[in-house]
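Chain residues, written in single-letter form:
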Amino acid sequence: MNIDYFKNFPDENGYFGEYGGAYLPPQLIEHFKEITHSYLTISKSHRFISELRSIRKHFQGRPTPVYFAERLSNSLGGARIYLKREDLNHTGAHKLNHCMGEALLAKYMGKKKLIAETGAGQHGVALATAAAYFGLECEIHMGEVDIAKEHPNVVRMKLLGANVVAVSEGLRTLKEAVDSAFVAYLKDPITSMYCIGSVVGPHPFPMLVREFQRIVGIEAREQFFEMTGELPDNVVACVGGGSNAIGLFSAFLDDPAEIYGVEPSGRSLDLGENSATMTLGKPGVIHGFKCYLLQDDKGEPAPVYSIASGLDYPGVGPEHSYFKDTGRIKYVTASDYECLEAFYTLSRTEGIIPALESAHAVAYALKLANEKKYQSILINLSGRGDKDIDFVSEKYGFSLEEFKQRYKETDKP
Ligand SMILES: *Cc1c(COP(=O)(O)O)cnc(C)c1O
């Protein structure tokens, strides 16, 4: 692999090997081509690049640091753990990296309004933040079930000026919200721009979101080398759709580093109890692109579950699907239980409360540390856990011991 990889993947039709593409209703084909063309011209211009750099520095607070987790490492018997601190990015997660890029592109394209769906509300909040920054309108589609569950994020979106559209169809969660957002975009594709929240969806979004997230890996590789004089032996990130993971991984593809994407195995490996798309899924089409997909026996997207709502999606980015087949990236799992253990451990040993999504990456790194006794492990700490503290502490208490006791009583082991 070399620099040409990023020029050749995806190909001009949006494929990474057999994955990706753009399976669109006919009315949208031209509009997605326009987004692709605009991205490939505008985003390479000097003005766009310097404006995005300035935003990253002055508004988002980049570069975020790489941090050596010394107390955690000392408890492990030889392995060294480093964290790329995306939790310190403005709004508390990596998602703003691509939202600012998408919104800046929309501005240069003369769009007035950003449209998206959100599940737990994280993408909605990041996009509403970007819209407020640029003075664009913002419409976020969200299932009624999620609106009831994710109250603080709904409040944040409204404070930021977004119009939150409640979706009452079907199961009233993420899948219906995607359909609803698509319909809204179909009605007005000239003045509005559809903004996807991960490296998923029809071409060009898996490419575009990857390119805006690559800053995470570019910074981390340089920072790690400056701190240690070496490159990391292992690189780990959680995978929902796969944007924080591809952002970090993209800088290490040519290096000897072993790369691990961590999916949630939830409560168990039974269908409906996890969201381990690449461990258990088969290739299929969802939301306009081809990828590994968790399917029921009729080939429909299966119900998914994870304690981290940002990870429960039955599909996954096409580029990850490609790297699974080539073997360059290993896809592994961490369970709810392991995630919670890591959540409490990192909070107590380092003073960093991780998002439950990010805690999956920490959990796998802790397992890896047993096998790779004297190696370094760089983890993408994709977000902070403030959004999760009420849920976790009310259900499981305030310490690892209390959690282990309560988990035995309330959940199946
Ligand atoms: C949304 C989210 C994720 C999962 O999304 P990816 O596209 O897989 O990165 C991971 N971590 C945090 C903190 C999130 O908010």
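Residues numbered from 1 in each chain as written. Predicted model: local features only at pLDDT ≥ 70, side-chain atom pairs only at ≥ 80, totals over all residues. Heavy atoms only, no water.

On to the site of the ligand, then. Lys 95, Ser 198, Gly 242, Ser 243 and Ser 382 are the nearest of the 17 residues found near the ligand. The side chain of His 94 places a nitrogen or oxygen atom 3.1 Å from an oxygen atom of the ligand. Burial of the ligand by the protein amounts to 97% of the accessible area it has alone, namely 380 Å². Its residues assigned to classes, the shell around the ligand shows four nonpolar, eleven polar and two charged. Residue contributions to the shell around the ligand reach at least three from each of two domains, namely domain 1 (25–45 + 52–58 + 94–206) and domain 2 (61–92 + 214–407). (Near = heavy atom within 4 Å. Polar contact = N/O pair within 3.5 Å; in protein donor to acceptor, adjacent residues only side chain to side chain. Areas by Shrake-Rupley, 256 points an atom, 1.4 Å probe, with all protein chains shown as cover. Nonpolar A, V, L, I, M, F, W, Y, C, P; charged D, E, K, R; others polar. Domains from an automatic or database assignment.)

As a further point, take the pairing of strand β12 (residues 289–293). The two faces of a sheet get side chains in turn, since along a regular strand they alternate between them. Burial of β12 is extensive: four of the five residues sit out of reach of the surface. Direction of pairing for strand β11 (residues 282–286) relative to β12: antiparallel, over a ladder of five bridges. By the bridge assignment, Lys 282 is partnered in β12 with Leu 293. (Buried < 20%, exposed > 50% of the residue type's maximum accessible area, 1.4 Å probe, protein only. Helix = DSSP H or I, 4+ residues; strand = E, 2+ residues; numbered from the N terminus. Pairing = 2+ DSSP bridges.)

Each pair of packed helices gets described by two things: the angle between the helix axes and the distance between those axes. Closest axis-to-axis distance for the helix α5 (residues 95–108)/helix α6 (residues 122–134) pair is 9 Å, and the angle between their directions is 40°. Here α5 lies oblique to α6, going by the angle between them. The two elements α5 and α6 cross, and the hand of that crossing is right-handed. Listed contacts from α6 to Lys 95, Leu 96, His 98, Cys 99, Met 100, Glu 102, Ala 103, Leu 104 and Lys 107 of α5 are Gln 122, His 123, Ala 126, Leu 127, Thr 129, Ala 130, Tyr 133 and Phe 134. For the contact of α5 with α6, a count of residues per class yields ten nonpolar, four polar and three charged. (Axes fitted to C-alpha atoms, helices over the stretch in contact; angles between N-to-C directions. Parallel < 35°, antiparallel > 145°, perpendicular 65-115°, else oblique. Left-handed = near helix turned anticlockwise from the far one by under 90°. Contact = heavy atoms within 4.5 Å.)

Next up on the list: the sheet that holds strand β9 (residues 234–238). Strands in a sheet are paired, the pairing made by backbone hydrogen bonds, and the direction either parallel or antiparallel. Judged by pairing direction, the sheet is mixed, and its six strands sit side by side in the order β3-β4-β14-β9-β10-β13 without closing on themselves. Among the strands making up the open sheet, the edge pair consists of β3 (66–68) and β13 (329–335). Recorded for the sheet is a direction-independent mean angle of 30° between the axes of neighbouring strands. As defined by bridge partners, β3 adjoins strand β4 (residues 80–85) across three bridges and the pair is classed as antiparallel. The residue of β4 that forms the bridge with Tyr 67 is Leu 83. Contacts from helix α14 (residues 336–350) reach β3, β4, β10 (258–266), β13 and β14 (376–381), with the element oriented near 85° to β13. Contacts from helix α15 (residues 356–371) reach β4, β9, β10, β13 and β14 within the one sheet, and its direction differs from that of β14 by about 170°.

Okay, unusual backbone geometry next. As a rule of thumb, non-glycine residues mostly have phi less than zero, and peptide bonds are mostly trans rather than cis. Of note, the bond from Arg 62 into Pro 63 is cis; its omega dihedral lies within 30 degrees of zero at 0°. Summarising the element assignment, Pro 63 is placed in the loop between α3 (46–60) and β3. His 203 connects to Pro 204 through a cis peptide bond whose omega is 15°. One can find Pro 204 in the loop between β8 (192–194) and α10 (205–228). Positioned with a positive phi, His 287 is a non-glycine residue whose angle comes to about 45°. Turning to its location among the elements, His 287 is positioned in the loop between β11 and β12.

In total, this model carries 27 aromatic pairs according to the counting rule given. With 5.0 Å between their ring centres and 35° between their planes, Phe 9 and Tyr 322 make a pair best called tilted. One end of the pair, Phe 9, is in the loop between α1 (4–8) and β1 (15–16); the other, Tyr 322, is in helix α13 (residues 318–326), and 313 residues separate them in sequence. One aromatic cluster is present, formed by Tyr 337, Phe 343, Tyr 344, Tyr 396, Phe 403 and Tyr 407 through successive ring pairs. Above the ring of Phe 6, the side-chain terminus of Arg 214 is found at 3.6 Å from the ring centroid. The ring of Tyr 292 is capped by Lys 324, whose NZ or CZ atom sits 5.6 Å from the centre of that ring. (Phe/Tyr/Trp six-rings, centres within 6.5 Å; stacked < 30°, edge-to-face > 60°. Lys NZ or Arg CZ within 6 Å of the ring centre and 35° of its normal.)

Along its sequence, the protein chain is carved into domain 1 (25–45 + 52–58 + 94–206) and domain 2 (61–92 + 214–407). If you average the C-alpha positions of domain 1 and of domain 2, the two centres end up 24 Å apart. Contacts between the two partners involve 22 residues from domain 1, matched on the other side by 25 residues from domain 2. Broken down residue by residue, the surface that domain 1 buries against domain 2 is led by Arg 56, His 94 and Val 199, which jointly contribute 31%. One can count zero salt bridges joining domain 1 with domain 2. For the interface between domain 1 and domain 2, the tally reads nine residue pairs in polar contact (both at pLDDT 80 or more). Going through the elements one at a time, α3, α5, α6 and α9 (174–187) are the ones with two or more residues in the side of domain 1 that touches domain 2. Per element, the largest residue contribution to the side of domain 1 that touches domain 2 is four residues, and it comes from α9. For the side of domain 1 that touches domain 2, the per-class residue count stands at eight nonpolar, eight polar and six charged. (Buried area = accessible area lost by both parts, 1.4 Å probe. Salt bridge = Lys/Arg side-chain N within 4 Å of Asp/Glu carboxyl O.)

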